[in-house]
Amino acid sequence: MHWMILPLKRYVDFEGRSRRMEFWSFALLLFAVFLIFAGPFYFSFFTAIFSVNPTGPGSEEAMAEAILASFTTMNTIGLIVSTIFSLVVLIPWIAVTVRRLHDLGQSGWWYLGVIVASMIPFVGLLTSLAFLVVLLLPGTKGDNRFGPDPKATDLQETFD
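The sections below set out a description of the structure shown in this document. Keep in mind the model is a prediction, meaning the values are calculated, not measured. (Residues numbered from 1 in each chain as written. Predicted model: local features only at pLDDT ≥ 70, side-chain atom pairs only at ≥ 80, totals over all residues. Heavy atoms only, no water.)

1. So, the packing of aromatic side chains
Here comes step 1: Counting across every chain of the model gives ten aromatic pairs.
Here comes step 2: Residues phenylalanine 23 and tryptophan 24 carry aromatic rings whose centres are separated by 4.9 Å and whose planes lie at 90° to one another, so their mutual orientation is edge-to-face.
Here comes step 3: An aromatic cluster of three or more residues is present, and its members are Phe34, Phe41, Tyr42, Phe45, Phe46 and Phe50. (Phe/Tyr/Trp six-rings, centres within 6.5 Å; stacked < 30°, edge-to-face > 60°.)

Quick look at the structure:
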């Protein structure tokens, strides 16, 4: 649990390095919260859409009714909560990603390049997959230009 909330404690800290454990634990937390709050909305939305015959008579009206039926009070509240949560954790998400790149010895500006490249069709898919692989790589051992090795400092704190 410590690793999941650490990026929230370092809310706007773009300096230093973050371990894979910190980055991926935070990603898991964000995914779980999104799944809990927005998941029911998307489930009912797609269930309603796929239940309509798109080639049948009056399919446009049936599709509109199915979409409106998915906007129940609870689903709408969950969608609003997940949207607010997404806006609150946007800066910590960017910060932990930049620190993760620092752990790899890369500049945080690469993240901006990935975001821009992700907007290009097909290139964006390849860029996103490559960035995912990069984020899975282990950090540089020892100190680098962005600070001390976070694994070494964690071990030092453990044995003190």
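2. Let's talk about helix H1 (residues 2–9)
Here comes step 1: Of all the residues in H1, the buried ones are Met4, Leu6 and Pro7. Along the long axis of H1, the arc covered by the buried residues comes to 160°, so they all point the same way. (Buried < 20%, exposed > 50% of the residue type's maximum accessible area, 1.4 Å probe, protein only. Helix = DSSP H or I, 4+ residues; strand = E, 2+ residues; numbered from the N terminus. Arc of directions from axis to C-beta.)

3. Overview of unusual backbone geometry
Here comes step 1: You will see that phenylalanine 122, though not glycine, has its phi angle at about 65°, which is positive.
Here comes step 2: Position of phenylalanine 122 relative to the elements: it lies in the loop between helix H6 (109–117) and helix H7 (123–136).
Here comes step 3: With a relative accessible area of 60%, phenylalanine 122 lands in the exposed category.

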